[in-house]
Each structure stands twice: as structure tokens, then as C-alpha cells.
There are 2 protein chains.
Amino acid sequence: MIRLSKLTDYAVVVMTAMIQGDGGPHTAISLAERTGLPAPTVSKILKLLARDGLMASHRGATGGYRLARAPDAINVAQIIAAIDGPIALTDCVEGAAGACGVESLCPRRGNWDRVNRAVRGALEGVSLADMARPSFPDPVLPKAAPALPATADAI
Amino acid sequence: MIRLSKLTDYAVVVMTAMIQGDGGPHTAISLAERTGLPAPTVSKILKLLARDGLMASHRGATGGYRLARAPDAINVAQIIAAIDGPIALTDCVEGAAGACGVESLCPRRGNWDRVNRAVRGALEGVSLADMARPSFPDPVLPKAAPALPATADAI
DNA sequence: GCAATCCGGACCAAATCAGTACCCTTTAAG
DNA sequence: CTTAAAGGGTACTGATTTGGTCCGGATTGC
């Protein structure tokens, strides 16, 4: 369903939690406690983010993680790429003589690129700062519905 | 990787194959032969597309499928929705007292909606007619690279 | 009536992903 | 210098999803 992995969702939660804290470095354990996520999972996420340069890590006894850039200089596309790897909408066919006839139909592939670019642009347009914003523009009914936040909006 | 399912890719292949044929109805078997895809899979795709009103089906001895609308009146978002169901980028948490603390962090959810809308807009901007177009604007080197079309562009 | 086609399920196997655990390296405090 | 705390990396396992198949039934034209 074009849904991105749960880890990516968690990554946004963790990063927004870091924004809300003070400027000091955050340990994986403290972030796990603040977010309610399992500690090993948080550690894994932080490692992936640090590998892509979205986090600055400091090792040692008083170490921890810190955002490498300002929240509005990080966009959703970068986070997704760090966690889920490069985003390819289709794999078409990875091998040679797979289905797809004799790739005589695969000019279609070139057009998927167009779709990919459109999606990429959309994701780059939303920054981490946007995700951390209170967001709810509705002044009334901040929590009217019962505890069923559940699935995000459908396309 | 935010990649959409292979079935969606196939759906586009099948639909473009229908455009190239004459105006008459296409049977699932004939489309399977033309595309090189397994017949049961093609049948499944056609059923899904018909269920969402993208195809017009005609039963009986001389039955078959036909595009319900003109190719430029069908966009990629509709095809994806028909095959993969409503596109939710995140499930956040479907149940009640899952992780995510006590949903005190889940205002984030509202912002995923913003991302969803952006992606949806990007997908709605590409029509089936666009996907069926020869696509390659490069007059030179229509097939310079070896037979490694493989993965589509990464984000 | 017969044959061809669509229709709607259920079903199974394979791939992928989330989550966990383990061990190593690095760094700072005492 | 020693010790403890923290990140870094790898491998494994269970669960979820997905791709693909099959069957019986309904519908239409010949």
C-alpha cells in the first residue's frame, strides 16, 4: 500500500522527541523511555540515521546523539532514505529474461521515473520541523474521538 | 522502500496493452499472452480494476474487459488505489494501547496526513496516457546501456 | 443446451520486515 | 591506568504481507 515502514514512523517520533528536549545529547535509552519504544529498536534507528549524516553521535561515557542539522533543514525524504534505503517505487524486473516479455513493454519504466520524481519532490517539501509542529489547526475538538487514532489518512 | 507492489506495475502494463489494441474487448487470456504475464495474475488484476470502476467488464461467450474511461482520464493514483487499496503511508498504531506511549506523541499523525496529501497529488498528476507514451525524450541512445533496466529510479 | 467467459471467494508458498540479542570498539570519568 | 558507559556492527528469529494459484458458480452468446 505504498506504506513506508514502521521504523520510518518511529524515526520521526524519535527525532521530534529530540527537538523537544534540551540541547544536550540524548542517549538511546533516554529516548526509548521518552518515546515508549523498545530500546534496541531506538538504537537501531539512531544508528541508521547517524550513518546517513542526519545524526551526530558522540561516543564515550557521556556520549549520545544529537541532530546534525536544524529541524527545518531535514526533510522527510532524507529520513525515509536513511531508514528504508533508496526509494524505488517499482523494481520492474531485476534480472534479465524475466517476465515482462522481452522488455519490449518496459519503456513503461521510463515513466515510472517521472512518478518517482514527483513523489520525491512531495516528500522533500515536508521538513522535520513541519512534522514536529503541533499541527492541529482545528481549535475545537482537540480530542473528541475515542482512542482510535489508528491508520493515517488514505490516499 | 515505499515501493508499490508488483501487481500495480503489472496493472499499468496490462492497461497500456489494452490501449494499443483495437477498441474491442480484451479477454484475460489474450492480455496475458500479449504481456507475457501469468494468466491467473492478469485475471486477478482485471478483477481488481473492474471492482473500482476502472474497467468495464462484459460477461458471456464474447465477453472481455474494456477501459471504462479514456486513458487520460485515469491517473496513477487511481490504479494504485484499485490494486493496493487505500494508500496509507503509516499505520501509526492500529489498536489502542500499543506502543507510542499514550498517543501523547501521536499528534505527529496529523502531519503524516500532510505528507500523504502531497504524495497523492503527485500521483494524481500522472495519467495512464502519460505512462503509455513512448516517454523517451532522448533522441540519441535509445538503448545504449546493456540489458540492465532493473530497478527504477531511486528517490 | 452447450461452451466460453467473467466473478468471487479461499488457499498456499515465498519474500520481506520488525524486533531482539550478542559482541566489539571507542571514549571519558575516576 | 582502570573501569564503566555508550555507540557500532552483525546475525538470528518470528510474524506479517505479498504474489500467485485454484476452484466452483453465474452469465451470456451461439
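Calculation notes
Residues numbered from 1 in each chain as written. Chains lettered and ligands numbered in written order. Predicted model: local features only at pLDDT ≥ 70, side-chain atom pairs only at ≥ 80, totals over all residues. Heavy atoms only, no water. Core = buried A, V, L, I, M, F, W, Y, C linked by side-chain atoms within 4.5 Å. Buried < 20%, exposed > 50% of the residue type's maximum accessible area, 1.4 Å probe, protein only. Contact = heavy atoms within 4.5 Å. Helix = DSSP H or I, 4+ residues; strand = E, 2+ residues; numbered from the N terminus. Polar contact = N/O pair within 3.5 Å; in protein donor to acceptor, adjacent residues only side chain to side chain. Near = heavy atom within 4 Å. Pairing = 2+ DSSP bridges. Axes fitted to C-alpha atoms, helices over the stretch in contact; angles between N-to-C directions. Parallel < 35°, antiparallel > 145°, perpendicular 65-115°, else oblique. Left-handed = near helix turned anticlockwise from the far one by under 90°.

As recorded in an unreviewed UniProt entry, chain A goes by BadM/Rrf2 family transcriptional regulator and comes from Nitrospirillum amazonense.

Right, let's get into the nonpolar core. Judged by nonpolar contacts, the single largest core of 75 residues is most densely connected at Leu 49 of chain A together with Leu 49 of chain B. Once residues within four sequence positions are removed from consideration, Leu 49 of chain A is found in contact with Ala 11, Met 15, Leu 54, Met 55, Ile 79, Ala 82 and Ile 83 of chain A.

To continue, consider the side chain of Thr 8 of chain A. If you trace the backbone, Thr 8 of chain A turns up in helix H1 (residues 6–20). Thr 8 of chain A has contacts with Ile 79, Ile 80, Ile 83 and Asp 84 of chain A together with Trp 112 of chain B, leaving out every residue within four places of it along the chain.

Residue and element names in this part refer to chain B. Across the nine residues of helix H4 (residues 76–84), seven count as buried, placing the element largely inside the fold. Residues Val 76, Ala 77, Ile 79, Ile 80, Ala 82, Ile 83 and Asp 84 constitute the buried set of H4. In this structure Asn 75 caps H4, since a side-chain oxygen of it lies 3.0 Å from the backbone nitrogen of Ala 77. One or two steps after H4, the chain reaches Gly 85, where phi turns positive at roughly 80°.

Take the protein's contact with DNA strand C next. Around DNA strand C, a shell composed of 23 residues is seen, among which Ser 5 and Arg 59 of chain A together with Ser 57, Arg 59 and Tyr 65 of chain B lie nearest. Considering DNA strand C, the proportion of its atoms within 4 Å of the protein that are sugar or phosphate atoms stands at 80%. Contact between DNA strand C and Gly 60 of chain B: a sugar or linking oxygen at 3.2 Å from a main-chain N or O atom of the residue. For the surface near DNA strand C, the secondary-structure elements that each account for two or more residues are H1 and helix H3 (39–51) of chain A together with strand E1 (55–58) and strand E2 (64–67) of chain B.

Residues and elements named next belong to chain B. Bridge count between E1 and E2: four bridges; the pairing is antiparallel. Among the inter-strand pairings, Met 55 is bridged to a residue of E2, identified as Leu 67. The antiparallel hairpin formed by E1 and E2 contains five residues in its connecting segment, where Gly 60 sits at a positive phi of about 95°.

Let us look at the environment of Ile 74 of chain A. Along the chain, the position of Ile 74 of chain A falls in the loop between strand E2 (64–67) and helix H4 (76–84). If we ignore the near neighbours within four places in the chain, the residues touching Ile 74 of chain A are Met 15, Leu 54, Leu 67, Arg 69, Ile 79, Ser 127 and Leu 128 of chain A.

Residues and elements named next belong to chain A. Following both chains from N to C, one finds H3 and H4 inclined at 115°, their axes separated by 8 Å at the closest point. Considering the angle they form, H3 stands roughly perpendicular to H4. Along this stretch, H3 crosses H4, giving a crossing that reads as right-handed. Judged by residue contacts, Ile 45, Leu 48, Leu 49 and Arg 51 of H3 engage Ile 79, Ala 82 and Ile 83 from H4.

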